[in-house]
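Each chain, letter by letter, is given below.
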Amino acid sequence: MRDLGVGFRYLLRGQRWVARHGRQYGFGLLPGLITLVLYAAALVALALWGEDAVAWATPFADDWSSPWLGLFRGFLTAVLFALALLLSVVTFTAVTLLVGQPFYENLSEKVDRDVSPDGHAPESGLPLWRELWISARDSLRIVVRAALWGVLLFACGFVPVVGQTVVPVIGFFVTGFFLTEELTAVALQRRGVELRSRLGLLRSRKTLVWGFGTPLAVAFLVPFVAVFLMPGAVAGATLMARELLGEETREEGDRAVTTLPQPPSGSS
């Protein structure tokens, strides 16, 4: 359970780092603002025309008597909007990172140089188009995984009592895991760590990942908050990636600390 607190401290350390580096923080806000506008427009469109879409998809209910027709389609409209919100939380990070790839790569490199004892930051050596392609490909794979979990949790949500209590909590932990994968990918991809290996690293320290990602998932329910937390989340994920790989990290006060990977505690 100690790792839960460690993960949360990495989240806070990332926010403190960008607070001390205002220029990087300002540039890091731009991709989130662009993505927020796009997502807001999509959700507004869904709110305006979601009921029409449900009516088009359920022609078999046209002859149902009142109030069952209204209740049935109203329930489906609410479910559709709730599912859209869940997917927006899960995919917001992936889309923002894709939009802001050059910004966040630069921010992550500066974090590495700042905390590395020798001031060195690993570089991928790949051209920008190649990095964008790898990032988009891996993000799509993660979104598919997250969507499958979302469908499963949505189905479990119909189970009485458990669906209204346990399932939402599990949903936050699952979302936190995938958010952390997307954020640590900025630093790990630059080190040449493939998606399968990244997932293995995160699964070996699931409580660390949950401590970092689950509070972030809760905060990201408010998209405007997500915009302001994204730069610090990238910084904190870079610091956590260094621990996962056992890299030496210089703390505040010029003290060097070597963090070694812990043995796997299981897989999910």
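Our subject is the structure listed above.
Just so it is clear, the model here is predicted, and its values are computed rather than measured.

**Q** Go over the packing of helix α6 (residues 162-190) against helix α7 (residues 195-204), please, and point to the residues and values.
**A** Packing of α6 against α7 brings their axes to within 10 Å, and their N-to-C directions diverge by 125 degrees. Looking at the two axes, α6 sits oblique to α7. In this structure, α6 crosses over α7, and the sense of that crossing is right-handed. Two secondary-structure elements touch here, α6 through F177, T180, E181, T184, A185, L188 and Q189 and α7 through L195, R198, L199, L201, L202 and R203. In terms of residue class, the contact of α6 with α7 is made up of seven nonpolar, three polar and three charged.

**Q** Please give an account of the nonpolar core that cites residues and values.
**A** In terms of nonpolar packing, the biggest core is built from 44 residues, with L183, F212, M230 and V234 touching the most fellow members. Examining the composition of this core, we find that ten residues originate from one element, helix α9 (residues 223-244), more than from any other. Once residues lying within four places of it in the same chain are set aside, the contact partners of M230 are F92, T93, T96, L97, Y104, L183 and F220. With five residues, the next largest nonpolar core counts L188, V193, L201 and A241 among its residues.

**Q** Hey, could you go over the pattern of salt bridges for me, with residue numbers and the actual values?
**A** Evaluation of the coordinates by the stated rule reveals 14 salt bridges. One salt bridge in this structure joins R190 and E105, with 3.4 Å as the shortest N-O distance. In this pair, R190 sits in helix α6 while E105 sits in helix α4 (residues 101-115), placing the two residues 85 residues apart along the sequence. Side by side, R190 and E105 carry an identical accessibility label, which is buried. Notably, a salt bridge pairs R141 with D138, separated by 3.8 Å at the nearest N-O pair. Residue R141 and its partner D138 are located together in helix α5 (residues 128-156), separated by three residues, close to a single helical turn. Members of the salt-bridge network, linked through shared partners, are E105, D112, R190, R191, R242 and E247.

Parameters and conventions
Each residue is numbered by its place in its chain's sequence as written, counting from 1. Predicted model: local features are reported for residues with pLDDT of at least 70 only, side-chain atom pairs are reported and counted for 80 or more only, and whole-chain, interface and lining totals are derived from all residues. Computation of side-chain values covers all heavy atoms of the structure but excludes hydrogens and water. Interaxial angles span 0 to 180 degrees and are taken between N-to-C directions of axes, which are lines fitted to C-alpha atoms, for helices over the stretch in contact. Where helices and strands are cited, they refer to DSSP runs of H or I of at least four residues and of E of at least two residues respectively, numbered from the N terminus. Angles are sorted into four bins: roughly parallel if under 35 degrees, roughly antiparallel if over 145, roughly perpendicular if 65 to 115, and oblique for all others. Two helices crossing with the near one rotated counterclockwise from the far one by less than a right angle form a left-handed crossing, whereas a clockwise rotation gives a right-handed crossing. Note on contacts: a residue pair qualifies if any of its non-hydrogen atoms lie within 4.5 Å across the two residues. Classes in brief: Ala, Val, Leu, Ile, Met, Phe, Trp, Tyr, Cys and Pro nonpolar; Asp, Glu, Lys and Arg charged; the others, Gly included, polar. The term nonpolar core refers to a set of buried residues drawn from Ala, Val, Leu, Ile, Met, Phe, Trp, Tyr and Cys, joined through side-chain atoms within 4.5 Å. Only protein chains enter the accessibility calculation, which uses a 1.4 Å probe; a residue whose area is less than 20% of its type maximum is buried, one above 50% is exposed, and one in between is partly exposed. Each salt bridge in this description consists of a side-chain nitrogen of Lys or Arg and a carboxyl oxygen of Asp or Glu lying within 4 Å of one another.

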